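Descriptive analysis of the structure
Each chain is listed here by its residues.
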Amino acid sequence: MDRLIIQGGRRLKGEVAISGSKNALLPILAATLLTDEPCCIKGAPRLRDTYTMIKILRSLGKAADFKNGEIWVKSTSRAQTTADYKFVSTMRASFCVLGPLLAKFRKAKVSLPGGCVIGLRPVDLHLKGMRALGADIDIQRGYVVVKATRLSGTHIYLGGAFGSSVLATANVMMAATRASGITKIESAACEPEVVDLAKFLISMGAKIKGYGTPLIEIQGVKRLHGISYKIIPDRIEAGTFMIAALITKGEIKLTNVVWQHLGAVIDKLQQIGADIKKQDGAIKLKLTKQLKPANITTLSYPGFPTDMQAQMMSLMSLVKGVSIITEKVYPDRFMHIAELNRMGAHIQRQGPHAIIEGVKQLCGARVMASDLRASACLVLAGLAARGVTSVSRIYHLERGYDNLDEKLRKLGVNLWREKE
Ligand code: EPU
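Every value quoted in this text rests on a predicted model; they were computed, and no experiment measured them. (Residues numbered from 1 in each chain as written. Predicted model: local features only at pLDDT ≥ 70, side-chain atom pairs only at ≥ 80, totals over all residues. Heavy atoms only, no water.)

**A word on the sheet that holds strand 13 (residues 215-219)**
Operational definition: A pair of strands is treated as paired once DSSP finds two or more bridges between them. Secondary structure elements are defined from DSSP: runs of H or I of at least 4 residues count as helices, runs of E of at least 2 residues count as strands, and each element is numbered from the N terminus. For helices, the fitted axis covers only the stretch in contact; all axes are lines through C-alpha atoms, and the angles between them, taken along N-to-C directions, range from 0 to 180 degrees.
With respect to topology, four strands assemble into an open sheet ordered 10-11-13-12, the strand pairing being mixed. A single partner strand is all that each edge strand has here, and the edge strands are strand 10 (155-157) and strand 12 (207-209). Between one strand axis and the next, the sheet turns by 15° as a mean value, whatever way the strands run. Pairing geometry for strand 12 and strand 13, over three bridges, is antiparallel. For I208, the partnering residue across the bridge sits in strand 13 and is I218.

Encoded structure:
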């Protein structure tokens, strides 16, 4: 296992090209199970999660290969319908193979993912959707076993206690592409990654309307075909680099970004004083004045993304005054508070709220990453801290940030890896 050592205190300056979106790619890879024809996904990020999904597709009998940012998925004669615990337990997004397998083979056996450090993360909405389409569901020794002689279009309300669900929407939308008749998903997730999946499915021949709104309508079709498709840029990687520039009082230009996907993040950063401009499809950001404290509430899209909450907390921990962050998507996603406090931050958790009293300086320390975005938050804190920060368990970072070390190095950061 590696740890990342960061020498803090350098201003970030320069240009960075954002990689393809992890959370768009993973369900899109699962969607390739809907066809026997070859599919090519372009602009794929090199991430641990990408390779995990490729392994799952191989375990399900697909031939999958990743070269030069392109993933080719082809069929073999060894199709399988069981997704093993060893994959689903390491990456929840693998649960997304359930919908495509059910649609294509009318049966699937997929391991239940279990909880994770950011909270309970149940799958009841995924199962509600499959059941509504006509599947019989049984839980056997930690696996969801689904079967259907026929899938029929229906009206499904998919809102849960914490709002809409990104992967449940994706899973049910994929299953419905090959159901007979029309399926309406109400309280569907509107995230850009769901839109990208819908566009991918439409290119394959699916008939989908209303994607990007809370009411998605899918007219089932008999067959889907293979395609070549380029995925959207990663809005969370882009947001993380914006904060990296702000926290070091730097200046950055991001290319391969979609401004609209970052609406809530840009708006909040502008409110607190960042200078952000759109320029020829790129985003330029710099700091010209002292930042102000803020109240931030995470919500599903187009609200402020939970996947940017931890990174924002690093920034606010250095902004004079009191900021409050309320986590409404995963009320327990606060493992990073204790680690930030070890670096000198003053943050208190009260239920789903974090109360952040800005400090003048963070100090480098040995800290431990607990999940992907918490790792990013600690790296950001390390960029601004006085002295050296050592972030252990950085395999979490490799799940979601493509070539992060090299990208930061190019922007002027002094960082390196050591064996734990
Ligand atoms: N929920 C339920 N029941 C369900 C599904 C979800 O109650 O059946 C709850 C969750 O516990 C949570 C809320 O609904 O409180 C929203 O969760 P959602 O289902 O939207 O999350 P997800 O689809 O499992 C995706 C991303 C996450 C991101 C969330 C929210 C992927 C692969 N993962 O997860 O990304 O935080 O949406 O935007 O797309 C990350 O990239 O670091 C990450 C965790």
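From this point, the discussion proceeds with the structure in view.
**Some details on the sheet that holds strand 4 (residues 62-67)**
Think of a sheet as strands paired side by side through backbone hydrogen bonds, with each pair either parallel or antiparallel. Inclusion rule: Residue contacts are counted whenever heavy atoms from the two residues lie within 4.5 Å of one another.
Overall, mixed pairing links the four strands, which are arranged 4-5-3-14 in an open sheet. On the outer flanks of this sheet lie strand 4 and strand 14 (228-230), each paired with one strand and no other. Put simply, the sheet's adjacent strands are angled 15° from each other on average, direction ignored. Bridging between strand 3 (residues 39-42) and strand 14 involves three bridges; their strand directions are parallel. Across the sheet, C40 pairs through a bridge with S228, a residue of strand 14. The strands touched by helix 2 (residues 48-59) within the sheet are strand 4 and strand 5 (70-75), with strand 4 carrying the most contacts at an inclination of about 155°.

**Considering the site of the ligand**
Our working definition: Summary of the distance rule: residues count as near a molecule or strand when at least one heavy atom falls within 4 Å of that molecule or strand. Pairs of N or O atoms within 3.5 Å make up the polar contacts considered here, provided that, within protein, one atom can donate a hydrogen while the other can accept it, and that residues adjacent in sequence are counted only when both atoms are side-chain atoms. Under the convention used here, a 1.4 Å probe and the Shrake-Rupley method define accessible areas, while residue burial counts only the protein chains that appear.
Residues in contact with the ligand amount to 22 residues; listed here are only the nearest, D124, S165, D307, V329 and R373. The side chain of S165 places a nitrogen or oxygen atom 2.5 Å from an oxygen atom of the ligand. When the ligand sits alone it has 820 Å² of accessible area, and the protein chains cover 91% of it. Broken down by secondary-structure element, the contributors of at least two residues to the shell around the ligand are helix 1 (22-31), helix 5 (124-132), helix 6 (166-176) and helix 12 (372-384).

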